[in-house]
Amino acid sequence: MRPRPSPIVCSPTGSNSLPAEGMTERMRNLDELFAALDRSAFRRRFRLSARDLDYLQDRTLPVVLGHARDFIAQRLAPALPPNDGKQTPFRGHPVFVAQHATATCCRGCLAKWHGIAAGHALDTAEQAHVLAVLERWLRSEQARQS
Ligand SMILES: [Zn+2]
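Residues numbered from 1 in each chain as written. Predicted model: local features only at pLDDT ≥ 70, side-chain atom pairs only at ≥ 80, totals over all residues.

**Structural notes on the packing of helix α1 (residues 30–38) against helix α7 (residues 124–145)**
Step number 1: Interaxial distance between α1 and α7 falls to 11 Å at its minimum, and their mutual angle equals 55°. Looking at the two axes, α1 sits oblique to α7. Helix-helix and strand crossings are classified by hand; for α1 and α7 the assignment is right-handed. Of the residues in α7, those in contact with Leu30, Leu33 and Phe34 of α1 are Ala132, Val133 and Arg136.
Step number 2: For the contact of α1 with α7, the residue count by class is five nonpolar, no polar and one charged. (Axes fitted to C-alpha atoms, helices over the stretch in contact; angles between N-to-C directions. Helix = DSSP H or I, 4+ residues; strand = E, 2+ residues; numbered from the N terminus. Parallel < 35°, antiparallel > 145°, perpendicular 65-115°, else oblique. Left-handed = near helix turned anticlockwise from the far one by under 90°. Contact = placed C-beta atoms within 7 Å. Nonpolar A, V, L, I, M, F, W, Y, C, P; charged D, E, K, R; others polar.)

Written as structure tokens, this is what we have:
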């Protein structure tokens, strides 16, 4: 059984998804990354729904970040993740929304935005980077909407 193809590809081509100039092979500084994400109309349109915020409030951020750690390990960390480019739903969990907002949704976006090359298993530092990015976005979203 093949999964039903998603009608939307998470990493559209075009200027909105291009990283800022000066990106290196190294993992990107978070301030610089968030400034660049904020300049992307595509990334900026991802916001937590009222339901996502309730979920975050009820479960608490540490628990939700535990889910994020699992999603990263299972869906992003393998050298060749299954269904890469379509492995992150657009809704259903606040972390999924955070992943699209921060371009940590697939290995293509991680390479393009975060300077983490595709094709190798993510190491501990790379997984920690993704988690830190998601935490920062979720915190800012909580603050923005509270
Ligand atoms: Zn992606």
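On we go from here.
**A few points about the nonpolar core**
Step number 1: With 27 residues, the main nonpolar core has Val95, Ala98 and Leu134 as its most contacted residues.
Step number 2: Secondary-structure elements contributing two or more residues to this core are α1, α4 (61–76), α5 (94–101), α6 (107–114) and α7.
Step number 3: In this structure leucine 134 touches Ala68, Val95, Ala98, Gln99, Thr102 and Thr104, once residues within four positions along its chain are discounted. (Core = buried A, V, L, I, M, F, W, Y, C linked by C-beta atoms within 7 Å. Buried ≥ 20, exposed ≤ 12 C-beta atoms within 10 Å, placed from the backbone.)

**Some thoughts on the environment of alanine 36**
Step number 1: Relative to the helices and strands, alanine 36 resides in helix α1.
Step number 2: For the pair formed by alanine 36 and tryptophan 113, sequence separation is 77 residues and the distance between their alpha carbons is 8.8 Å.

From the geometry alone we can't say anything about function, so treat these as descriptive.
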